Structures are given as structure tokens and as C-alpha cells.
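The primary structure of each chain is shown beneath.
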Amino acid sequence: PNVVEASRPARLLNRNFDLIDLMQKAIFGNATYAGKPVGTVTIFLDDMRVATNVVNGDGTRAIGTRMAWNVYRKVVEEGVPWVDRAFVVNDWYLSAYEPIRNAAGTIVGVLYVGSLEKPFVDLKRRMQACLLGILIGTLFVCGFLAFGISTSVTRPIRSIAAAARAIGSGDISTRVNEDTGIVEINTLAHAFNSMMETIQKEQADLQAANRNYLNM
């Protein structure tokens, strides 16, 4: 049996590659990806491809190959159009299948149009890799900045802690840097130095008073 157009005069569609290629070019142009047409068109007789530009692994047209069983069940047996991804011969396509009916309304074949899924998958992976690179770069920059900020905060605090230990050892002449670039740390350092100057002055006054008492 053959699939023919319903108009008069009838025209055989089996192996009508001119029609298939015209439809493919009108919808998708001549774009290819990894040696395969990006857009594909097929006419099925029942579940068999009788006109198609889907290619086999050797590059020949996949005439005589069968429709995926899950698509066949939906489109031919249930008469419901399929608009979803589908495995076509040897690759995944974003596909649309529409039943072809004869004059009596019986489904005798299917018209398929599909776009190769791989370009979209590869684009998605490249975008994910790009986003991952941006994320890693951002984390690296944030870590570097956090380390710099942490160092700029902890260094003057360690300096104040060291000065406090020196005071505990009896050295009240110790002073800390008041110009750290951090206002809060500078305020703390200034208060520390002011306190030490007060203590040093009071100690000097006390020593002077002791000397005067001894000299009386």
C-alpha cells in the first residue's frame, strides 16, 4: 500500500523526497548539527517511514524504519497528536506527530516534524559550565576578599592583645597603632593608648610623690 494525497489527481507520497525536503527547508532551513539535519520531516504508512529525511548511521535516509512504540500507541492507536521529545531512529528529537486519516476517517499514517534535541542539550551544558565557572570565580573572589577583610580586622586586634600581654609583664610604655583603616578598631586602639598614658602618668606621679616623701 502507498500513502497518497487526498486531492485529485492523486500523488504518490512514498519516497517523495522532494516534498519532504521542501517541507524541511521551509520549516528549518538547511541547518545541520554534527553532520545531521537539525530539522526532520517524515511521512509514515502506519508505523513505517515511507518518506523521510531522517538519516541512518551511514547517512542514508531511514526508509522502512519504524516509529517508536510509545508514539505509535498514542498517535495511531489512540488518535492523539504527540508533541514531546521522542527517540527517532538513532537520536532524540523534540517532535510533533499528527495522524493522517483517509476519507473514511481511519488513521492510515502519520506526519512527523522534529528538531534535533542535541543542540539544545549541548547549549544547556555549555550554559551550565559557564554558570559554574562564574560561580567558582565569584566564590574565589569572595573568599579572597573575606580573607583580606579578616586579616585587616584580626591583625590590629592581635596587636592590642600583644600589648595587653606586655602590660601584664610590667611594660606600660607599649602603644598600639591607631591608624588601621577600620574606624571601630581605631577607636578601640585610641581608648587603649589613652588608658595606658593615664596609667603611665599616674605611675610617674606616684613615683615622684614617693621620692619627695623619702627626701623629707
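Calculation notes
- Residues numbered from 1 in each chain as written.
- Predicted model: local features only at pLDDT ≥ 70, side-chain atom pairs only at ≥ 80, totals over all residues.
- Heavy atoms only, no water.
- Patch = residues over 30% accessible without salt bridge, like charges linked within 9 Å, V, L, I, M, F, W, Y side chains within 5 Å.
- Areas by Shrake-Rupley, 256 points an atom, 1.4 Å probe, with all protein chains shown as cover.
- Salt bridge = Lys/Arg side-chain N within 4 Å of Asp/Glu carboxyl O.
- Helix = DSSP H or I, 4+ residues; strand = E, 2+ residues; numbered from the N terminus.
- Buried < 20%, exposed > 50% of the residue type's maximum accessible area, 1.4 Å probe, protein only.
- Phe/Tyr/Trp six-rings, centres within 6.5 Å; stacked < 30°, edge-to-face > 60°.

Novice: Hey, could you run me through a nonpolar patch on the surface in this one?
Specialist: Judged by side-chain polarity, F140, V141, F144, L145 and I149 come together as a nonpolar surface patch covering roughly 570 Å² of accessible area. Within the secondary structure, F140 sits in helix α3 (residues 118–168).

Novice: Would you mind showing me how to read the pattern of salt bridges here?
Specialist: Considering all chains together, one arrives at six salt bridges under this definition. Between R61 and D21 there is a salt bridge, with its nearest N and O atoms 2.7 Å apart. Placement of the pair is R61 in the loop between β4 (48–52) and α2 (69–77) and D21 in helix α1 (residues 17–28), with a sequence separation of 40 residues. Note that D122 is salt-bridged to K118, the shortest N-O span being 3.8 Å. Residue D122 and its partner K118 are located together in helix α3, separated by four residues, close to a single helical turn. For D122, a relative accessible area of 14% translates into the label buried.

Novice: What is the right way to look at the packing of aromatic side chains in this model?
Specialist: The geometry of two aromatic rings is summed up by the distance between their centres and the angle between their planes. Tallying each qualifying case throughout the model produces three aromatic pairs. Seen in terms of ring centroids, F44 and Y97 are 6.1 Å apart; in terms of plane orientation they differ by 35°. Their pairing is tilted. Placement of the pair is F44 in strand β3 (residues 39–45) and Y97 in strand β6 (residues 91–101), with a sequence separation of 53 residues. Assigned by exposure class, F44 and Y97 land together as buried. With a centroid separation of 5.4 Å and 70° between ring planes, the pair formed by F87 and W92 is classed as edge-to-face.

Function cannot be read off these values alone, since they describe shape.
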